[in-house]
Amino acid sequence: MTLLADSDPLETAAIEDFRKAHPSLQLGPIAVVIPSYREAGSIAGTLERIPKEIAGHAVRTLVVVDGPDDGAARIAVDHGAYATGTGGSGPRGQGAALRLGYRIAVAHGAAYLVTIDADGQYLPEEIPAVLAPLLAGEADFVSGSRRLGENGSPDRVRTLGVYVYAAVISALTGRHVTDPAFGLRAMTAEVARTVTLRQPQYQASELLIGAAMHGYRLAERPGTIR
C-alpha cells in the first residue's frame, strides 16, 4: 500500500514541479510539514519557532499552500523553509495538503516527518518531545495529546468529541489512544510510505488508525492546544 494512489494528476504535477525546482534537495533527516490555507497572517510566528536542529539532526520545513497562494509561500521562503502548492484553482483540503507534503518529504530523503498547523494553535517548542520516541527507536508514530497536556480550547463539544473518538478508536485498534485529532505528530518515513490516506480534509484519525492497523508502534506525549 502507498500513501496515495499516483493517479492524482494535480498531486503528481506538484511533486514533479517541486523536484524540478529542487533537484538535489535533501529534506531532513527531519522534515516538518505545515499545511497552510489563508494563513499568511500567522505562519511567520510558527516558522520562527521551529528548531533548526534536534538531537544533532538537521530540520527542514516544507509549507504546503492549499489553494491560491495568499503570500504564505514567500513568507516560508523568507524564513528559510521550502514551499509548494497543491495545484488547481481552489483548496483541496488539509488532508490533501498533508499527503502532498508527506510524499515530497519522503521523496527528498526525510527519515522522520513532523506535522504542525500554521495558525499557532500547536507549539513548535513541543516538536522535540514528540520526536524523541522515534529518534530513540521506541515508536514509529507519535502524537501529542491535549488530554495528557493542556487543552486551551473553549469548545466543549470538540473536547467531548476527542474523548468519544478516542474511546472508539481504542476499541477498534486495541491500542490505548487519548487524543486522535492532535495536529502535532511525528512518524517515520516508513509509516508515510505504507499507510494509504484518502481523506481530503480531516486526516489525523485516518493516519492514526492506519498506523495501528499496520502494526506500527504508537506513542503519545503531552501536548498543548491554544
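Right above here is the structure, for reference.
Residues numbered from 1 in each chain as written. Predicted model: local features only at pLDDT ≥ 70, side-chain atom pairs only at ≥ 80, totals over all residues. Heavy atoms only, no water.

(A) Structural view of the overall build of the protein chain. Looking only at helices and strands, the protein chain features eight helices and eight strands. Computed over C-alpha atoms, the radius of gyration of the protein chain comes to 16 Å, within 12% of the 17 Å expected from 2.2 N^0.38 for 226 residues, which places it in the range of a compact globule. For the protein chain, the C-alpha atoms occupy an extent of roughly 45 × 40 × 35 Å along the three principal directions. In the protein chain, which comprises 226 residues, the share counted as buried stands at 52%. Across the protein chain, the fraction of contacts at a sequence separation of at least 24, relative to all contacts at a separation of at least 6, is 75%. When the accessible surface of the protein chain is totalled, it reaches about 10,100 Å², and 53% of it is carbon and sulfur. If the 21 positive side-chain charges of the protein chain are averaged to one point and the 24 negative ones to another, these points end up 3 Å apart. (Helix = DSSP H or I, 4+ residues; strand = E, 2+ residues; numbered from the N terminus. Rg over C-alpha atoms; globule rule 2.2 N^0.38 Å. Buried < 20%, exposed > 50% of the residue type's maximum accessible area, 1.4 Å probe, protein only. Contact = heavy atoms within 4.5 Å. Areas by Shrake-Rupley, 256 points an atom, 1.4 Å probe, with all protein chains shown as cover. Lys, Arg positive; Asp, Glu negative; His and termini not counted. Charge placed at Lys NZ, Arg CZ, Asp CG, Glu CD.)

(B) Fine view of helix H8 (residues 204–213). With seven of 10 residues buried, H8 is to be regarded as a mostly interior element. Ala204, Glu206, Leu207, Leu208, Gly210, Ala211 and Ala212 are the residues of H8 that are buried. Elements that come into contact with the buried residues of H8 comprise helix H4 (94–107), strand E6 (141–151), helix H6 (156–173), strand E7 (185–188), helix H7 (189–194) and strand E8 (218–225). Backbone geometry just after H8 places Gly215 at a positive phi near 85°.

(C) Focus on the packing of aromatic side chains. By the definition in use, this model includes one aromatic pair. Between Tyr122 and Phe182 the ring centres are 4.6 Å apart and the planes differ by 65°, which places this aromatic pair in the edge-to-face class. One end of the pair, Tyr122, is in the loop between strand E5 (112–115) and helix H5 (127–135); the other, Phe182, is in the loop between H6 and E7, with 60 residues separating them in the sequence. For Tyr122, a relative accessible area of 4% puts it in the buried group. (Phe/Tyr/Trp six-rings, centres within 6.5 Å; stacked < 30°, edge-to-face > 60°.)

(D) Broad picture of the pairing of strand E4 (residues 82–85). The pairing of strand E3 (residues 57–65) with E4 spans four bridges and is classified as parallel. Paired with Val65 across the two strands is Gly85, which belongs to E4. (Pairing = 2+ DSSP bridges.)

(E) Just the environment of Glu206, in detail. Along the chain, Glu206 turns up in helix H8. Along the chain, Glu206 and Gly149 lie 57 residues apart, while their C-alpha atoms are 22 Å from each other. Residues contacting Glu206, with those up to four places away along its chain left out, are Thr196, Leu197, Arg198 and Gln199. Separated by 3.1 Å, the side chain of Glu206 and the backbone nitrogen of Gln199 make a polar contact. (Polar contact = N/O pair within 3.5 Å; in protein donor to acceptor, adjacent residues only side chain to side chain.)

(F) Expanded view of H5. Among the residues of H5, those classed as buried are Ile127, Val130, Leu131, Pro133 and Leu134. Projection of H5 onto a plane perpendicular to its axis shows the buried side chains occupying an angular sector of 150°, all on one side. Of the surrounding secondary structure, the elements contacted by the buried residues of H5 are strand E1 (30–36), strand E2 (53–54), E5, E6, E7 and E8. Backbone geometry just downstream of H5 places Gly137 in the positive-phi region, at approximately 75°. (Arc of directions from axis to C-beta.)

(G) Quick look at the packing of helix H1 (residues 9–21) against H4. Across the interface, H1 lies against H4 with an axial gap of 10 Å and an inter-helix angle of 40°. Taken together, H1 and H4 sit at an angle that is classed as oblique. Crossing hand, H1 versus H4: right-handed. Packed against H1, whose contacting residues are Glu11, Ala14, Ile15 and Phe18, the element H4 presents Ala96, Arg99, Leu100, Arg103 and Ile104 at the interface. (Axes fitted to C-alpha atoms, helices over the stretch in contact; angles between N-to-C directions. Parallel < 35°, antiparallel > 145°, perpendicular 65-115°, else oblique. Left-handed = near helix turned anticlockwise from the far one by under 90°.)

(H) Molecular detail of unusual backbone geometry. Omega for the peptide link from Gly28 to Pro29 comes to 20°, which places this bond in the cis form. Inspection of the secondary structure assignment puts Pro29 in the loop between H1 and E1. Within the chain, Arg38 stands out as a residue other than glycine whose phi angle is a positive 55°. Positive phi values are uncommon outside glycine, yet Ala55 reaches one of about 50°. Assignment of secondary structure puts Ala55 in the loop between E2 and E3. For Ala55, a relative accessible area of 63% translates into the label exposed.

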